[in-house]
Amino acid sequence: MLWNTLLLAVRAIRRNLMRSFLTILGVVIGVAAVITMVTLGNGATRSVSDQIASMGSNLIMVVPGQRFGPGSGGAANFKNADAQAIRSQIPSAEWVAPMSSKSATAVYQANNWSTVIYGSNNDYFPAGNWELAAGRDFADNEERSGKAVCVIGETVREKLFGRQNPVGSQIRIKQFSCEVIGLLKSKGQSAMGHDQDDVVVMPLRTVQRRLAGSQDVNRLMVSVRDSAAIDAVKKQLSLLMRERRAIGENEDDDFRVMDTRQIAEALTSTTKILTLLLGAVAAVSLLVGGIGIMNIMLVSVTERTREIGIRLAIGALEREVLLQFLIEAVVLSSIGGVTGLVLAMVASIALSSLMGIPYLFDPGINLLAFLFSAAIGVLFGFFPARRAARLNPIDALRHE
Amino acid sequence: MTASPLIRLTGITKIYGQGQALFQALKGIELTVEAGDFVAIMGPSGSGKSTAMNILGCLDTPSEGSYQFQGVAVETMDRNQRALVRRHFLGFVFQGFNLLARTTALENVELPLIYRGQKAVLRHAAARAALEQVGLKGWEQHTPAELSGGQQQRVAIARAIVTRPAVLLADEPTGNLDTKTSEEIMELLCTLNREQGITVLMVTHEPDMARYAKRIVRFVDGQVESDHANGRAA
Ligand SMILES: Nc1ncnc2c1ncn2[C@@H]1O[C@H](COP(=O)(O)OP(=O)(O)O)[C@@H](O)[C@H]1O
Ligand SMILES: [Mg+2]
């Protein structure tokens with residue numbers, strides 16, 4: 001019976017090619033959309049956490065104001081002296097890098113490239129997990145006198161110098177020219193369009209004097225020798241900064257002290273929202289696919305009811321008719337589901353490499369999307385048939 | 001002990017709807033058909049011919065009364081048992097052909113054999129033979145849309161007889177066909193009755209068609225008004 005019913009199901013699929021194709025399409029859209037979206041979301045999240053891991057795990061950031069991100073909300077910036085105070089009063093702090101940043105265009109011969117200039121000291125490199133690919137870092141006197149020297153990232157090198165060695169060349173930034181003394185090893189592309197190698201580092205004083213025009217420090221980057229000491233150092237930093245910024249007993253901090261984990265949370269929360277949004281879009285596609293299938297099935301319900309009437313009239317049993325329709329729905333949904341899985345895999349791999357995020361195969365979402373779409377296909381293929389198969393043959397034949 | 005007749009209807013009634021819309025289409029039908037007979041059921045429109053045919057064909061159930069098929073009570077059977085009676089003993093031909101669309105003549109005719117679980121080789125041979133018998137040799141791969149009304153009805157008849165049923169039930173089989181085609185179909189039914197011993201029950205309101213039958217049963221208002229042998233039949 002199963003073999004014969006399979007034959008009937010295959011014949012039914014074959015003679016209703018358009019309907020079969022549209023059903024498959026509905027399942028394909030649903031499955032492919034959900035899997036692709038969720039896979040991309042997962043990749044973006046992973047990419048952000050990778051990027052954070054590359055910052056080093058023992059890092060603490062001190063920023064003015066109460067929120068993380070650009071703008072300090074009116075709170076005063078730090079000063080060079082704050083960094084010195086940390087270095088002398090908190091011995092567990094291994095590297096202390098005061099930072100001041102400014103966007104500017106760097107020019108070399110006919111090439112120009114708009115990038116971010118960071119002013120800091122030599123602590124910046126080990127604290128930020130940077131290594132030099134060529135050249136050297138700042139000399140003491142260059143830091144002290146604010147000399148026009150810089151260390152550039154791989155992207156800046158590529159944009160201005162191509163494959164040429166930049167060390168020793170002069171680049172122009174705003175009104176001054178600046179000698180390239182070092183080249184940073186590439187850290188690679190990160191998520192959210194942020195290229196970590198798109199960076200120029202100068203001595204802090206150079207940026208303060210020539211670009212910012214103030215003695216301000218936007219951010220203090222502190223790295224701790226022993227990760228067990230992070231909480232203690234954070235507490236000490238907080239106390240020290242309160243004291244230095246003369247914050248009263250009952251006043252709140254006007255700065256934030258965050259470790260890598262907290263920064264990670266702040267960043268990943270953004271990608272999590274992104275993943276959620278993508279998921280919502282995907283759910284809509286699933287629904288659209290489902291409605292498409294439902295529509296096709298309902299449109300054909302009259303013809304199919306009469307078909308069921310014919311089958312019953314010539315002696316088919318109810319369960320044979322049902323089995324045929326079930327097989328038909330399962331076959332179509334499975335073809336759609338498998339096609340959707342393959343399509344999702346191809347699209348996810350292509351889009352992840354385009355977006356520079358890792359491709360992570362998630363068996364859970366693959367299974368879930370497949371089952372859900374298959375269920376829709378079976379549901380709408382099978383249940384109208386079940387109703388028809390329960391009719392008197394003559395009522396099914398008369399269906400209008 | 002006398003052998004039971006092929007078909008015996010006793011006190012069959014059929015009531016449609018309920019309350020105000022209640023309508024009694026059959027008001028106690030008595031009918032006995034012996035194997036090998038060729039019965040034409042005639043009568044005005046709305047007299048209950050189709051209703052009776054559907055009950056005879058186990059496509060519908062009577063409200064009351066008893067239907068004995070080869071001595072077995074059909075009215076107490078469940079859906080599946082009735083389906084099996086249809087599968088093994090009955091062939092039904094409709095006025096509107098009721099072929100599967102976009103399906104070749106051969107596959108349409110094969111269908112009852114698939115439900116009987118016949119092997120593909122036997123099935124194809126039987127379906128081809130049935131199509132040849134109704135004069136459609138060479139049309140096996142045509143779909144209903146590519147066939148004339150008469151040809152479609154021949155396919156439907158082939159589908160009904162491919163299982164070698166005991167009874168062929170035909171509800172106005174020539175109702176949608178022109179006179180010449182109708183006569184060809186009637187000749188075909190006569191041949192099947194004569195040569196294969198298939199009992200034929202046929203509804204028609206055309207006296208021209210009824211004259212092919214051995215016996216004429218006249219329905220009026222849900223009752224059998226007359227039941228007599230056909231004068232013409234030899
Ligand atoms: N499904 C139905 N529901 C309600 N009334 C019906 C139904 N089928 C037939 N009838 C009524 O039963 C009567 C007999 O119908 P039918 O057996 O088709 O007549 P005939 O075939 O002799 O023209 C008609 O008056 C018709 O309106
Ligand atoms: Mg009728």
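Residues numbered from 1 in each chain as written. Chains lettered and ligands numbered in written order. Predicted model: local features only at pLDDT ≥ 70, side-chain atom pairs only at ≥ 80, totals over all residues. Heavy atoms only, no water.

> Would you take a moment to explain the packing of helix H3 (residues 105-115) of chain B against helix H5 (residues 149-161) of chain B for this structure?
Packed helices, taken two at a time, are described by the angle their axes make and the gap between the axes. All names here are of chain B. In the contact formed by H3 and H5, the axes pass within 7 Å of each other and the chain directions differ by 30°. Considering their axes alone, H3 and H5 lie roughly parallel with respect to each other. The handedness of the crossing between H3 and H5 comes out as right-handed. Note on element contacts: H5 touches H3 through Val155, Ala158 and Arg159, opposite Ala105, Asn108, Val109 and Pro112. (Axes fitted to C-alpha atoms, helices over the stretch in contact; angles between N-to-C directions. Helix = DSSP H or I, 4+ residues; strand = E, 2+ residues; numbered from the N terminus. Parallel < 35°, antiparallel > 145°, perpendicular 65-115°, else oblique. Left-handed = near helix turned anticlockwise from the far one by under 90°. Contact = heavy atoms within 4.5 Å.)

> Help me out: how do you make sense of the domain arrangement of chain A in this one?
Quoted interface sizes are often the accessible area lost when the parts come together. Taken domain by domain, chain A consists of domain 1 (2-51 + 265-398) and domain 2 (77-253). The distance between the C-alpha centroids of domain 1 of chain A and domain 2 of chain A comes to 53 Å. (Domains from an automatic or database assignment.)

> When you look at the environment of A:Ile291 in this model, what are you seeing that I'm missing?
Residue and element names in this part refer to chain A. By the element assignment, Ile291 lies in helix H9 (residues 260-299). Under the relative-accessibility criterion, Ile291 is labelled partly exposed at 45%. Linking Ile291 and Phe380, residues 89 residues apart in sequence, is a C-alpha distance of 9.5 Å. (Buried < 20%, exposed > 50% of the residue type's maximum accessible area, 1.4 Å probe, protein only.)

> How should the site of ligand 1 be read in this particular structure?
Taken together, A:Arg398, B:Tyr16, B:Phe23, B:Ala25, B:Pro44, B:Ser45, B:Gly46, B:Ser47, B:Gly48, B:Lys49, B:Ser50 and B:Thr51 make up the full set of residues adjacent to ligand 1. The environment around ligand 1 is built from residues contributed by chains A and B. Within the side chain of B:Tyr16, one N or O atom sits 3.5 Å away from a nitrogen atom of ligand 1. Measuring from an oxygen atom of ligand 1, one finds a backbone N or O atom of B:Lys49 at 2.9 Å. For ligand 1, whose unbound accessible area comes to 560 Å², protein coverage reaches 64%. Where the shell around ligand 1 is concerned, the elements lending two or more residues are strand S2 (23-33) and helix H1 (49-56) of chain B. (Near = heavy atom within 4 Å. Polar contact = N/O pair within 3.5 Å; in protein donor to acceptor, adjacent residues only side chain to side chain. Areas by Shrake-Rupley, 256 points an atom, 1.4 Å probe, with all protein chains shown as cover.)

> So what exactly am I meant to see when it comes to the interface of chain B and chain A here?
With 28 residues of chain B at the interface, the matching set in chain A holds 30 residues. Summing both sides of the interface, chain B and chain A together bury roughly 2,600 Å²; the carbon and sulfur share of this comes to 48%. The largest share of the area that chain B buries against chain A comes from B:Arg79, B:Arg102 and B:Tyr115, three residues that together contribute 26% of it. Inspection of the chain B/chain A interface yields six salt bridges. Taking the shortest distance from any N to any O, the salt bridge between B:Glu107 and A:Arg11 comes out at 3.5 Å. Linking chain B to chain A there are 19 residue pairs in polar contact (both at pLDDT 80 or more). Of the residues in the side of chain B that touches chain A, the class split is twelve nonpolar, six polar and ten charged. (Buried area = accessible area lost by both parts, 1.4 Å probe. Salt bridge = Lys/Arg side-chain N within 4 Å of Asp/Glu carboxyl O. Nonpolar A, V, L, I, M, F, W, Y, C, P; charged D, E, K, R; others polar.)

> I tried to follow the environment of A:Ser352 on my own but got confused; where do I start?
Residue and element names in this part refer to chain A. Relative to the helices and strands, Ser352 is located in helix H11 (residues 318-355). The class of Ser352 is buried, set by a relative accessible area of 3%. Sequence-wise, Ser352 and Ala44 are 308 residues apart; in three dimensions their C-alpha atoms are separated by 8.5 Å.

> How should the confidence of the model for chain A be read in this particular structure?
It should be kept in mind that the predicted coordinates are not to be read in detail where pLDDT is low. Taken residue by residue, chain A gives an average pLDDT of 86. The fraction at 70 or more is 95%. Taken element by element, chain A is modelled with least confidence in H9(A), mean pLDDT 80, and with most confidence in strand S5 (residues 149-152) of chain A, mean pLDDT 95. (pLDDT = per-residue confidence, 0-100.)

> Is there a simple way to explain the side chain of B:Asn98 in this structure?
Relative to the elements of secondary structure, B:Asn98 occurs in the loop between strand S6 (90-93) and H3. In contact with B:Asn98, other than residues within four places in its own chain, are A:Arg306, A:Ile310, A:Leu397 and B:Arg159.

> Please explain helix H3 (residues 80-89) of chain A as it appears in this structure.
Because each turn of an α-helix spans 3.6 residues, side chains separated by three or four positions in sequence point in the same direction. All names here are of chain A. What H3 keeps buried is the set Asp82, Ala83, Ala85 and Ile86. End-on view of H3: buried residues confined to an arc of 160°, all on one side of the axis. Exposed side chains of H3 directed beyond 90 degrees from the buried face belong to Gln84 and Ser88. Contact partners of the buried residues in H3: strand S2 (93-108), strand S9 (219-224) and helix H8 (230-244). (Arc of directions from axis to C-beta.)

> I would appreciate a short explanation of the sheet that holds S2(B) in the present structure.
Whether parallel or antiparallel, the strands of a sheet pair through hydrogen bonds between backbone atoms. All names here are of chain B. The antiparallel open sheet is built from four strands, whose spatial order is S2-S1-S4-S5. With partners counted over all chains shown, the strands left at the sheet margins are S2 and strand S5 (72-73), one partner each. Relative to strand S4 (residues 64-69), strand S1 (residues 7-16) is paired through five bridges, and the arrangement is antiparallel. The residue of S4 that forms the bridge with Ile7 is Phe69. Each of S1, S2 and S4 is contacted by H1, which is oriented at about 125° to S1, the strand it contacts most. (Pairing = 2+ DSSP bridges.)

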